[in-house]
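Report on the structure
Each chain is listed here by its residues.
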Amino acid sequence: MNLARKFFPTLPFILGLLSLALFVPGIAVMERTRAWMPTMQVALPAVFLGFVSLIMGVLLLKKKPSGKEYGLAVTGSITGGLAIIFWVVMVPMMMVFALPARDADPEQPLVEQSGEQMKIWVRHIKTFYRDKARLPVKLEELVVEGYAPESLLYDARQTRKDSPSYRLMVREMPPESAWATTPILEGRIPNPRDGTRLIAYPDERLGVIQP
């Protein structure tokens, strides 16, 4: 009995800490599933522990303890309250706003950057074609003729600048009716995830070639 009475004042603080500690597996579940139901299976027990921590701390304070018991009661109440606020406010905000916003960001920014470079190349190729009535023999001709900067030749993923990262796929410009179906530019650098390589169409759309 004496041991239980001695241990009881620490319970609010311990339960509050447990509630906060459950945030670690809670984040893992949110990241993995992106779903409410699995997340709630962690969140509900955590909120319950937070409420118990807060209530026990308040009950202890009503007994007007002193010394160490008073400090534990206050700390337990604050910890439980913070845990409740955290789970009730922060977790829904992450599910509704933070995770979807992060999913909207490019997963592979260097691949996205390469795609933007290819679109710029397509514009330069079309400008060259309008001026010369032919396609360039290779992309370096566009650099020599002043249509494009040399830096555009290289994908950001290419560490050695020993050869261009892109190449022309056609000898003649396809008719405008085929711009959406005939690629004219190919990226040489494979995607590290699946081995695909980017291609670009005259209408500035992008696609991929399977390995």
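The structure displayed is predicted, hence computed values, not measured ones.

For the rest of this paragraph, the subject is unusual backbone geometry. Of note, Ala133 is a non-glycine position whose phi angle comes to about 65°, a positive value. Its location among the elements puts Ala133 in the loop between α6 (109–132) and α7 (139–144). Residue classification places Ala133 among the exposed residues on the basis of a relative accessible area of 63%. Unusually for a residue other than glycine, Glu204 sits at a positive phi of about 75°. Mapped onto the fold, Glu204 is located in the loop between β3 (197–200) and β4 (206–209).

This model, assessed by the stated rule, comprises one aromatic pair. One residue, Arg205, lies across the ring of Tyr201, its end atom 4.5 Å from the ring centre.

In a regular helix each residue adds 1.5 Å, so 27 residues correspond to 39 Å; helix α4 (residues 36–62) covers 37 Å between its end C-alpha atoms and thus fits that length. Helix geometry: α4 is bent most strongly at Val42, by close to 30°, with proline Pro45 lying one to four residues after it. Looking at α4, one finds that the buried residues are Thr39, Val42, Ala43, Ala46, Val47, Gly50, Ser53, Met56, Gly57 and Leu60. Residue Lys64 follows α4 closely and has a positive phi angle near 50°.

Attention now goes to the side chain of Glu186. Inspection of the secondary structure puts Glu186 in strand β2 (residues 185–187). For Glu186, a relative accessible area of 6% translates into the label buried. In terms of polar contacts, Glu186 uses its side chain to reach the side chain of Arg167, at 2.5 Å. Excluding residues within four positions of it along the chain, Glu186 makes contact with Met118, Ser165, Tyr166, Arg167, Met169, Arg197, Leu198, Ile199 and Ile209.

Further remarks concern the nonpolar core. The biggest cluster of nonpolar side chains holds 23 residues, and the ones touching the most others in it are Trp121, Ile125, Leu139, Leu142 and Leu185. The dominant element in this core, judged by the number of residues it contributes, is α6, at six residues. Ignoring sequence-local partners within four residues, the contact set of Trp121 consists of Leu139, Leu142, Val143, Ala148, Leu152, Leu153, Tyr166 and Leu185. Among the nonpolar cores identified, the runner-up in size contains nine residues, and Phe23, Val29, Trp87 and Val91 belong to it.

The strand order β1-β2-β3-β4 describes an open sheet built from four strands, whose pairing is antiparallel. One side of each edge strand has no neighbouring strand; the edge strands of this open sheet are β1 (166–168) and β4. For this sheet, the mean inter-axis angle between neighbouring strands, taken without regard to orientation, is 30°. Here four bridges tie β3 to β4, and the two strands are oriented antiparallel to one another. Of the residues in β4, the one forming a bridge with Ala200 is Leu206.

Looking now at the environment of Glu204. Exposure remark for Glu204: the relative accessible area of 23% places this residue in the partly exposed category. Spatially, the C-alpha atom of Glu204 lies 9.2 Å from that of Trp121, the residues being 83 residues apart in sequence. With residues up to four places along the chain from it excluded, the contact list for Glu204 reads Lys119, Val122, Arg123 and Lys126.

Residues lying three or four places apart along an α-helix face the same way, a consequence of the helix completing one turn every 3.6 residues. The terminal C-alpha atoms of α6 lie 34 Å apart, and with 24 residues this matches the ideal 34 Å at 1.5 Å per residue to within 8%. Tucked into the core, α6 has its buried residues touching α7, β1, β2, β3 and β4.

The tally for this structure, following the rule as stated, stands at ten salt bridges. Across the salt bridge formed by Glu145 and Lys132, the nearest N and O atoms sit 3.9 Å from each other. Of the two residues, Glu145 sits in the loop between α7 and β1 while Lys132 sits in helix α6, which places them 13 residues apart along the sequence. Taking relative accessible area as the criterion, Lys132 reaches 37% and is therefore assigned partly exposed. In this structure, Asp155 engages Arg157 in a salt bridge whose closest nitrogen and oxygen atoms are separated by 2.8 Å. Judged by relative accessible area, Asp155 falls into the buried class, the value being 1%.

The rules behind each value
Residues numbered from 1 in each chain as written. Predicted model: local features only at pLDDT ≥ 70, side-chain atom pairs only at ≥ 80, totals over all residues. Heavy atoms only, no water. Helix = DSSP H or I, 4+ residues; strand = E, 2+ residues; numbered from the N terminus. Buried < 20%, exposed > 50% of the residue type's maximum accessible area, 1.4 Å probe, protein only. Phe/Tyr/Trp six-rings, centres within 6.5 Å; stacked < 30°, edge-to-face > 60°. Lys NZ or Arg CZ within 6 Å of the ring centre and 35° of its normal. Expected span 1.5 Å × (residues − 1). Bend = angle between axes of the 7 residues up to and from the residue. Polar contact = N/O pair within 3.5 Å; in protein donor to acceptor, adjacent residues only side chain to side chain. Contact = heavy atoms within 4.5 Å. Core = buried A, V, L, I, M, F, W, Y, C linked by side-chain atoms within 4.5 Å. Pairing = 2+ DSSP bridges. Axes fitted to C-alpha atoms, helices over the stretch in contact; angles between N-to-C directions. Salt bridge = Lys/Arg side-chain N within 4 Å of Asp/Glu carboxyl O.

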